[in-house]
Amino acid sequence: YVREDGQRTRDRHARPLALYFWSGVWTLISWCELRDDFRTFRLDRMDGQQVLDRTFALKPASASPIISSVFCRPMPHRVPA
């Protein structure tokens, strides 16, 4: 993964939960095993993705807080000059 400042980060194992299009960029909401927490990753900053032969059980309520925070935040708007 390449951060906004151009620095590459460690390899991550992420459990994908949702994919959304936000401000012109596809973003993955996932559980990051490295950070042991929910994280969002921009698809255009991913490098060398691999699909692993692993499965996980998703608890229905576990992703609710992060998904709500993404989809329920106020939408930015511009006032015409």
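The structure presented is a predicted model; accordingly, all values stated were derived computationally and were not measured.

Cut-offs applied
- Residues numbered from 1 in each chain as written.
- Predicted model: local features only at pLDDT ≥ 70, side-chain atom pairs only at ≥ 80, totals over all residues.
- Heavy atoms only, no water.
- Helix = DSSP H or I, 4+ residues; strand = E, 2+ residues; numbered from the N terminus.
- Buried < 20%, exposed > 50% of the residue type's maximum accessible area, 1.4 Å probe, protein only.
- Contact = heavy atoms within 4.5 Å.
- Areas by Shrake-Rupley, 256 points an atom, 1.4 Å probe, with all protein chains shown as cover.
- 1 Å grid on protein atoms, 1.4 Å probe; cavity = no way out; pocket = protein on both sides within 12 Å on 5 of 7 lines; lining within 4 Å.
- Points joined across faces, edges and corners; volume = space filled by probe spheres on them.
- Nonpolar A, V, L, I, M, F, W, Y, C, P; charged D, E, K, R; others polar.
- Pairing = 2+ DSSP bridges.
- Phe/Tyr/Trp six-rings, centres within 6.5 Å; stacked < 30°, edge-to-face > 60°.
- Patch = residues over 30% accessible without salt bridge, like charges linked within 9 Å, V, L, I, M, F, W, Y side chains within 5 Å.
- Salt bridge = Lys/Arg side-chain N within 4 Å of Asp/Glu carboxyl O.

## Observations concerning the overall build of the chain
Okay, step 1: In terms of helices and strands, the chain carries 1 helix and 3 strands.
Okay, step 2: Traced from its N-terminal end to its C-terminal end, the chain shows the element sequence β-β-β-α.
Okay, step 3: Every one of the 81 residues in the chain was classed for burial, and the buried ones make up 17%.
Okay, step 4: Partitioning the intrachain contacts of the chain with sequence separation of at least 6 by distance along the chain shows that 36% fall at a separation of at least 24.
Okay, step 5: About 6,700 Å² of surface is accessible on the chain, with carbon and sulfur atoms providing 53% of the total.

## Side note on the layout of surface pockets
By rolling a water-sized probe across the atoms, one finds the places where empty space is left.
Okay, step 1: Roughly 850 Å³ of internal volume is contained in the largest pocket.
Okay, step 2: Around the largest pocket, the lining is made up of 25 residues, and of these Arg12, His13, Ala14, Gln49 and Gln50 lie nearest the centre.
Okay, step 3: At 4 residues, the largest contribution of residues to the lining of the largest pocket is made by strand β1 (residues 14–22).
Okay, step 4: By residue class, the composition of the lining of the largest pocket is 11 nonpolar, 6 polar and 8 charged.

## So, the pairing of β1
On a regular strand, each side chain points to the face opposite its neighbour's, so the side chains alternate between the two faces of the sheet.
Okay, step 1: When β1 meets strand β2 (residues 25–32), the two strands line up antiparallel, connected through 8 bridges. Residue pairing for β2: Pro16 is matched across the bridge by Ser30.
Okay, step 2: Two successive antiparallel strands, β1 and β2, enclose a turn made up of 2 residues, where Ser23 displays a positive phi of approximately 55 degrees.

## Quick look at the pairing of strand β3 (residues 37–42)
Okay, step 1: For β2 and β3, the ladder comprises 6 bridges, and the chain directions are antiparallel. Bridged to Ser30 within β3 is Arg39.
Okay, step 2: If you look at the hairpin formed by β2 and β3, you'll find 4 residues sitting between the two strands, and Asp36 has a positive phi there, around 55 degrees.

## A closer look at the packing of aromatic side chains
Okay, step 1: All told, the structure shown has 4 aromatic pairs when counted by the stated rule.
Okay, step 2: Between the aromatic rings of Trp31 and Phe38, the centroid separation amounts to 5.0 Å while the plane-to-plane angle is 85 degrees, which identifies the pairing as edge-to-face.

## Re a nonpolar patch on the surface
Okay, step 1: Nonpolar side chains collect at one region of the surface, where Leu19, Phe21, Trp26 and Leu43 lie side by side and expose about 410 Å² of accessible area between them.
Okay, step 2: Checked against the element boundaries, Leu19 lands in strand β1.
Okay, step 3: The class for Leu19 is partly exposed, based on a relative accessible area of 48%.

## A closer look at the pattern of salt bridges
Okay, step 1: Counted by the stated rule, this structure contains 6 salt bridges.
Okay, step 2: For Arg54, the salt bridge is made with Glu33, and the minimal N-O distance between the two is 2.8 Å. Separated by 21 residues along the polypeptide, Arg54 in the loop between β3 and α1 (64–71) and Glu33 in the loop between β2 and β3 bring together distant segments of the chain.

So yeah, pure geometry; function would need other evidence.
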